[in-house]
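Chain by chain, the residues:
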Amino acid sequence: MSEEMRDQLASEYVLGLLEGDALAEAERFIDEDSSFATLVEDWRRRMVELDVTAALQPPATDLWDRIETSLGVAKTAPANPRRQRAPRSGVTSRLWNSLPAWRGVGLAASAAALVMAIGIGVLMRENARTPVMVAVLLSDQNQPAAIVNAFGDGRTELVPLTAITAPEGKSLQVWTLWDRARGPVSVGLMDAMHSLDLSVQNLPRTTTDQLFEVTLEPAGGSPTGRPTGPILMKGNASLAL
Amino acid sequence: MSSTLSHTALPDADLSRALQGCARGDRASLRSLYDRLAPRMVGVAMRMLRRRDLAEEVVHDTFVKIWEKAASYDPARGEAATWIFAILRHRALNVLRGEARTDLVDDFEPMGLTADEPDAEALVAALSESGALRRCLETLDPRRRDIIVLAYTHGLTHGELAGRLRIPLGTIKSWMRRSLLSLRECMA
């Protein structure tokens, strides 16, 4: 192949124009022929200026959490990494974010903390008392195992009806699915069933028939970012009357 | 090596250091790449895939890949940003050409011809005035320049370009070859 043809192949590869055999050939050359790899690198460097013209699109707030979940079992991440990151709005945000600090201030302050915590609870209830959508999650025995309530302000909570604790080395992971093309999205992680605000910030509002489920996953969450373990409970959302 | 992306506040030395951090297993390094690049990456993937959910999935996969492959990044062979965007584009093209093809067709056609020609022009206008790519693209005949820009930014194939611009496939292919050759000579 002439040098000009090799460069042609490299340029069409970088533009994404190759398909089938030509694509396979170019990929093989990149791996096996460092001078061809250099031609490809040169074209990438020439063209990447066009990538810089793309509009900035802020990613969904849970995208980083999903990436981190996919990196494998979290070694350093806290059991509920969302709490450290997912920003909440307004006054509750500042109070909420100070929760970890409360833990450190010792016994004397814990009573005050309790009062504040109750205050937040009242505030949240005041905000949106009645769920708009409700999903009853049934176990494989068809027994109600948990309820998901989605409120008018977007807040979505999971309320357990059955006590389940994950065995050693496992976690319980909550998923939702509203669009098969996107696939299930992780919205919560815990070691034992407890009331939990689900991480649905920036997901579309819960809709009728949207699926919620809890699966058993390796500790720290599914390594693939998709459910891998058995489904412990699942249910579809319905409009609350 | 010229710093192609320097005007976008992406000092390559920082990105390169962050990749070295990823290779050591430092998640904060990956996070710093995410904070600085993710919005642009979603933008690039959106141009190709047109759907936010697919674009974010591609960005997700790209960061997982960066984490896994960071040790194989060699600063001597190219800039860190180029390396990262190459992974992103590769993944986006796979989605575009493969698994989501049928899903995309419906969204794809109605946005068709009317929007595209000014789009290519606007894309060129958005390039840095001092950059070699803009200077060299501007030496090309507008329609021959547009096919390069549309192929790269929207991931269009020869066939799609032919269909949308109503130009015979053989003509598109030969224009593409000659335009790329001119571009290379200009940018060498």
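Residues numbered from 1 in each chain as written. Chains lettered and ligands numbered in written order. Predicted model: local features only at pLDDT ≥ 70, side-chain atom pairs only at ≥ 80, totals over all residues.

### Observations regarding the interface of chain B and chain A
Argument step 1. Of the residues lining the interface, 50 residues belong to chain B; the matching set on chain A comes to 36 residues.
Argument step 2. When contributions to the side of chain B that touches chain A are tallied by element, the ones reaching two or more residues are α2 (27-49), α3 (52-69), α4 (80-97), α6 (112-126), α8 (142-154) and α10 (169-187) of chain B.
Argument step 3. Ranked by residue count, the leading element in the side of chain B that touches chain A is α2(B), at 10 residues.
Argument step 4. A breakdown of the residues in the side of chain B that touches chain A according to their chemical character gives 25 nonpolar, 12 polar and 13 charged. (Contact = placed C-beta atoms within 7 Å. Helix = DSSP H or I, 4+ residues; strand = E, 2+ residues; numbered from the N terminus. Nonpolar A, V, L, I, M, F, W, Y, C, P; charged D, E, K, R; others polar.)

### Thoughts on the confidence of the model for chain B
All names here are of chain B.
Argument step 1. Of the residues in chain B, 84% have a pLDDT of 70 or more, and the chain-wide mean is 84.
Argument step 2. Averaged pLDDT values over the elements of chain B bottom out at 44 in helix α5 (residues 101-108) and peak at 95 in α10.
Argument step 3. Considering only residues more than four positions removed or in separate chains, one finds that residues 1-9, a stretch of pLDDT under 50, has 14 contacts.
Argument step 4. Confidence over residues 100-118 falls short of pLDDT 50; this stretch has 11 contacts with residues more than four positions distant or in other chains.
Argument step 5. This prediction of the complex comes with two scores: 0.58 for pTM and 0.87 for ipTM. (pLDDT = per-residue confidence, 0-100.)

### Concerning the confidence of the model for chain A
Where the model shows low pLDDT, its predicted coordinates should not be examined in detail.
Residues and elements named next belong to chain A.
Argument step 1. Considering every residue of chain A, the mean pLDDT works out to 79; 76% of them sit at 70 or more.
Argument step 2. Per-element averaging of pLDDT across chain A places helix α5 (residues 82-85) at the bottom with 39 and helix α1 (residues 3-15) at the top with 95.
Argument step 3. Residue range residues 73-107 is modelled with pLDDT below 50. Its contacts to residues more than four positions away, or to other chains, number 31 contacts.

### Structural notes on the packing of helix α9 (residues 158-165) of chain B against α10(B)
Residue and element names in this part refer to chain B.
Argument step 1. Packing of α9 against α10 leaves a shortest axis separation of 9 Å and a crossing angle of 115 degrees. The handedness of the crossing between α9 and α10 is right-handed. Where α9 approaches α10, its residues His158, Gly159, Leu161 and Ala162 are matched on the opposing element by Leu169, Ile172, Lys173 and Met176.
Argument step 2. Looking at the contact of α9 with α10, its residues break down into 5 nonpolar, 2 polar and 1 charged. (Axes fitted to C-alpha atoms, helices over the stretch in contact; angles between N-to-C directions. Left-handed = near helix turned anticlockwise from the far one by under 90°.)

### Looking at the nonpolar core
All names here are of chain B.
Argument step 1. The biggest cluster of nonpolar side chains holds 75 residues, and the ones touching the most others in it are Ala45, Leu49, Val58, Val59, Ala92 and Ala151.
Argument step 2. Counting residues per element, this core draws most heavily on α2, which supplies 12 residues.
Argument step 3. Discounting chain neighbours no more than four positions away, the residues touching valine 58 are Ala45, Leu49, Leu88, Arg91, Ala92 and Val95. (Core = buried A, V, L, I, M, F, W, Y, C linked by C-beta atoms within 7 Å. Buried ≥ 20, exposed ≤ 12 C-beta atoms within 10 Å, placed from the backbone.)

### Describing α3(B)
Argument step 1. The terminal C-alpha atoms of α3(B) lie 25 Å apart, and with 18 residues this matches the ideal 26 Å at 1.5 Å per residue to within 8%.
Argument step 2. Summarising burial for α3(B): 13 of the 18 residues are buried, a large majority. (Expected span 1.5 Å × (residues − 1).)

### What to know about unusual backbone geometry
Argument step 1. Of note, the phi angle at A:Asp209 is positive, near 75 degrees, even though the residue is not glycine.
Argument step 2. When you line up the elements, A:Asp209 lands in the loop between β6 (196-197) and β7 (211-218).
Argument step 3. Even without a glycine there, the phi angle at B:Arg50 is positive, about 65 degrees.
Argument step 4. As for its position among the elements, B:Arg50 is in the loop between α2 and α3.

### Quick look at the sheet that holds strand β4 (residues 170-177) of chain A
Argument step 1. The 8 strands lie next to each other as β5-β4-β7-β8-β1-β2-β3-β6 (chain A), forming an open sheet whose pairing is antiparallel. What marks the edges here is a single partner per strand, and that holds for β5 (185-190) and β6 of chain A. (Pairing = 2+ DSSP bridges.)

### Here we look at the packing of helix α4 (residues 63-70) of chain A against α3(B)
Argument step 1. The N-to-C vectors of α4(A) and α3(B) enclose an angle of 40 degrees; their axes lie 9 Å apart at closest approach. Between α4(A) and α3(B), the angle falls in the class oblique. Considering how the two elements wind past one another, α4(A) and α3(B) form a crossing that is right-handed. On α3(B), the residues that touch A:Leu63, A:Arg66, A:Ile67 and A:Ser70 of α4(A) are B:Glu56, B:Val59, B:His60, B:Phe63 and B:Val64.
Argument step 2. Tallied by class, residues from the contact of α4(A) with α3(B) come to 5 nonpolar, 2 polar and 2 charged. (Parallel < 35°, antiparallel > 145°, perpendicular 65-115°, else oblique.)

### Quick notes on the pairing of strand β2 (residues 144-151) of chain A
All names here are of chain A.
Argument step 1. Relative to β2, strand β1 (residues 131-139) runs antiparallel, the two sharing 7 bridges. Opposite methionine 133, over in β2, you have alanine 150 as the bridge partner.
Argument step 2. Here β1 folds back onto β2, and the loop between the two strands holds 4 residues, one of which, asparagine 142, carries a positive phi near 65 degrees.
Argument step 3. Pairing of β2 with strand β3 (residues 156-160) involves 5 bridges; the strand directions are antiparallel. Residue pairing for β3: asparagine 149 is matched across the bridge by glutamate 157.
Argument step 4. Taking the residues between adjacent antiparallel strands as the criterion, β2 and β3 are bridged by 4 residues, where glycine 154 takes a positive phi near 95 degrees.

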